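The chain contents come next:
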Amino acid sequence: MRTKNKAILYWWCQMGGWLLYGLTMVFFAFVFDSKINSIFYPKLLVIIVSGLFFTHILRELIKLFHLLPPELSKKWVQFTGVLMLILVLFNLTNSAIAEWLHLYNPKTKVSVDKRFLVNLVSDSPLILVWVSIYYLWHYIELGTKTEFQKIKLESLVKEMELKTIKSHINPHFIFNALNSIRALVDENPERARTAITELSNLLRSSMQAEKQETVPFERELNIVKDYLALEHIRFEDRLMVEYDIDEDTLDQPIPPMMLQTLVENAIKHGISKAKEGGTIKIISDFRQSHHELIVQNSGTISEIADSEGFGLQSTRSRLKLLFGDKASFTIEATKNNTVEAKIIMPVQGVPA
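Please read these numbers as outputs of a predicted model, since none were measured by experiment. (Residues numbered from 1 in each chain as written. Predicted model: local features only at pLDDT ≥ 70, side-chain atom pairs only at ≥ 80, totals over all residues. Heavy atoms only, no water.)

**Considering the packing of helix α2 (residues 40–64) against helix α3 (residues 76–101)**
Line of reasoning, step 1. For the pair α2 and α3, the least separation of the axes is 10 Å and the interaxial angle reads 155 degrees. The pairing of α2 with α3 is recorded here as roughly antiparallel in orientation. Note that α2 runs across α3; the crossing there is right-handed. Contact with α2, carried on its side by Val46, Ile47, Ser50, Gly51, Phe54, Ile57, Leu58 and Leu61, involves Val82, Leu83, Ile86, Leu89, Phe90, Thr93, Asn94 and Ile97 of α3 and no other residues of that element.
Line of reasoning, step 2. Looking at the contact of α2 with α3 residue by residue, the classes come out as 12 nonpolar, four polar and no charged. (Axes fitted to C-alpha atoms, helices over the stretch in contact; angles between N-to-C directions. Helix = DSSP H or I, 4+ residues; strand = E, 2+ residues; numbered from the N terminus. Parallel < 35°, antiparallel > 145°, perpendicular 65-115°, else oblique. Left-handed = near helix turned anticlockwise from the far one by under 90°. Contact = heavy atoms within 4.5 Å. Nonpolar A, V, L, I, M, F, W, Y, C, P; charged D, E, K, R; others polar.)

See below:
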């Protein structure tokens, strides 16, 4: 429905704009030229019809070659080529029709090629004005859409932060962590002190979660390592953790708490449900000009009851808002009784 409404609006603007041009030319002809000759109206009609036709072709070529903003900034050569092609065809067609219908003064008749050059100078501004208005419209539309997405993302991030803080200071979570630490106090005091530090880091990262769209992957990874270290105390040999991290990906920006969400989901619906426990493996690498982030855990997909819950839904939504169709999120069962959650994001610059 939205696409249909945009198409209707486009055609209203297209026909209204060229009609306005025609009326303007008639007005100025009456005001500044008392003598309107017999070829004035036919020639004006040819310009309006061909202008309507060729600007529509130009629009279709812009869409075909993806020359709309923001892609336009990287495709100026293609855009210039397309625009020059339309200008040549527009003026060449007008010149040919004028010759065919004798829409010229016989006393000042010139060759088609000279008429084409004259038209190229006099009529090309019509196409250039059309292009300027067309792109101005799309830049305004892009700015409005970007602002809307930013507001929606901020709301989603805030909701995610509140849920994360609640889960981390949940009495049940703290009770399990403190019980694990208490058991270590006499048995392994050094490990107990380390566990207290890890718990402190984890709670601090939750309570002081910054309102950022993205954070460095290394920062998120360190938080997850503290979380898994605490869970390892509780699960002992039932929990095995493996890392396969390309160091070049550590500076890559990712949405905050996204990795934490996937790991918590793996613990809750995979490791904790199996008597023998299992393995969690975190993989980060560059694949085909993308940053690929994977969390694997032992278990079956049927055990992940929260696959459409808030955490994973927010992961999809945040990736969509931040990267559009350039990012994706999937969760599926793989071989060897393993569940794999995979995030694919475009490679980004290091955030300031």
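**Observations concerning the pattern of salt bridges**
Line of reasoning, step 1. Enumeration according to the criterion identifies seven salt bridges in this entry.
Line of reasoning, step 2. Taken together, the shared-partner salt bridges connect Asp285, Arg287 and Glu292 into one network. (Salt bridge = Lys/Arg side-chain N within 4 Å of Asp/Glu carboxyl O.)

**Notes on the sheet that holds strand β6 (residues 328–334)**
Line of reasoning, step 1. Across the sheet, which stays open at both edges, the five strands sit in the order β2-β4-β5-β7-β6 with mixed pairing between neighbours. Each having just a single partner strand, β2 (239–245) and β6 make up the two edges of the open sheet. Averaged over all pairs of adjacent strands, the angle between strand axes in this sheet comes to 15 degrees, irrespective of strand direction.
Line of reasoning, step 2. Relative to strand β7 (residues 338–346), strand β5 (residues 290–298) is paired through nine bridges, and the arrangement is antiparallel. Its bridge partner being in β7, Glu292 is matched across the sheet by Ile344.
Line of reasoning, step 3. Where helix α8 (residues 217–235) meets the sheet, its contacts fall on β2, β4 (278–287) and β5, and the angle it forms with β2 comes to roughly 160 degrees.
Line of reasoning, step 4. Along the sheet, helix α9 (residues 258–269) contacts β2, β4, β5, β6 and β7; its crossing angle with β5, the most-contacted strand, is approximately 20 degrees. (Pairing = 2+ DSSP bridges.)

**A few points about helix α4 (residues 112–122)**
Line of reasoning, step 1. Within α4, the full set of buried residues consists of Arg115, Phe116 and Asn119. Down the axis of α4, the smallest arc covering the buried residues is 105 degrees, so these residues share one side. Exposed residues pointing more than 90 degrees away from the buried face of α4 are listed as Asp113, Lys114, Leu117, Val118 and Val121. (Buried < 20%, exposed > 50% of the residue type's maximum accessible area, 1.4 Å probe, protein only. Arc of directions from axis to C-beta.)

**Quick word on the packing of aromatic side chains**
Line of reasoning, step 1. A complete count under the given rule lists 10 aromatic pairs for this structure.
Line of reasoning, step 2. Aromatic side chains Tyr10 and Trp11 sit 5.1 Å apart centroid to centroid with 65 degrees between the ring planes, which places their arrangement in the edge-to-face category.
Line of reasoning, step 3. When the ring of Tyr134 is compared with that of Tyr135, the centres are 5.9 Å apart and the planes differ by 90 degrees; the resulting orientation is edge-to-face.
Line of reasoning, step 4. The class for Tyr134 is buried, based on a relative accessible area of 9%.
Line of reasoning, step 5. Judged by its relative accessible area of 6%, Tyr135 is buried.
Line of reasoning, step 6. Grouping aromatic residues by their ring pairs yields a cluster made of Trp76, Phe79, Trp130, Tyr134 and Tyr135.
Line of reasoning, step 7. Seen from the ring of Tyr10, Arg59 lies directly overhead, with NZ or CZ sitting 3.8 Å from the centre.
Line of reasoning, step 8. It is Lys225 that lies over the ring of Tyr243; its NZ or CZ is 5.2 Å from the centre. (Phe/Tyr/Trp six-rings, centres within 6.5 Å; stacked < 30°, edge-to-face > 60°. Lys NZ or Arg CZ within 6 Å of the ring centre and 35° of its normal.)

**A word on the confidence of the model for the protein**
Line of reasoning, step 1. Model confidence for the protein is summarised by a mean pLDDT of 81, while 85% of its residues fall at 70 or above.
Line of reasoning, step 2. Contacts for the low-pLDDT stretch residues 165–170, under 50 throughout, to residues beyond four places or in other chains number 15 contacts. (pLDDT = per-residue confidence, 0-100.)

**Looking at unusual backbone geometry**
Line of reasoning, step 1. Backbone geometry at Gln288 places phi at a positive 50 degrees, although glycine is not the residue there.
Line of reasoning, step 2. Counting through the fold element by element, Gln288 comes out in the loop between β4 and β5.
Line of reasoning, step 3. Classification of Gln288 by relative accessible area gives exposed; the value is 76%.
Line of reasoning, step 4. In this model, Ser289 sits at a positive phi of 65 degrees, which is unusual for a non-glycine residue.
Line of reasoning, step 5. Mapped onto the elements of the fold, Ser289 is located in the loop between β4 and β5.
Line of reasoning, step 6. Its relative accessible area of 64% is what places Ser289 among the exposed residues.

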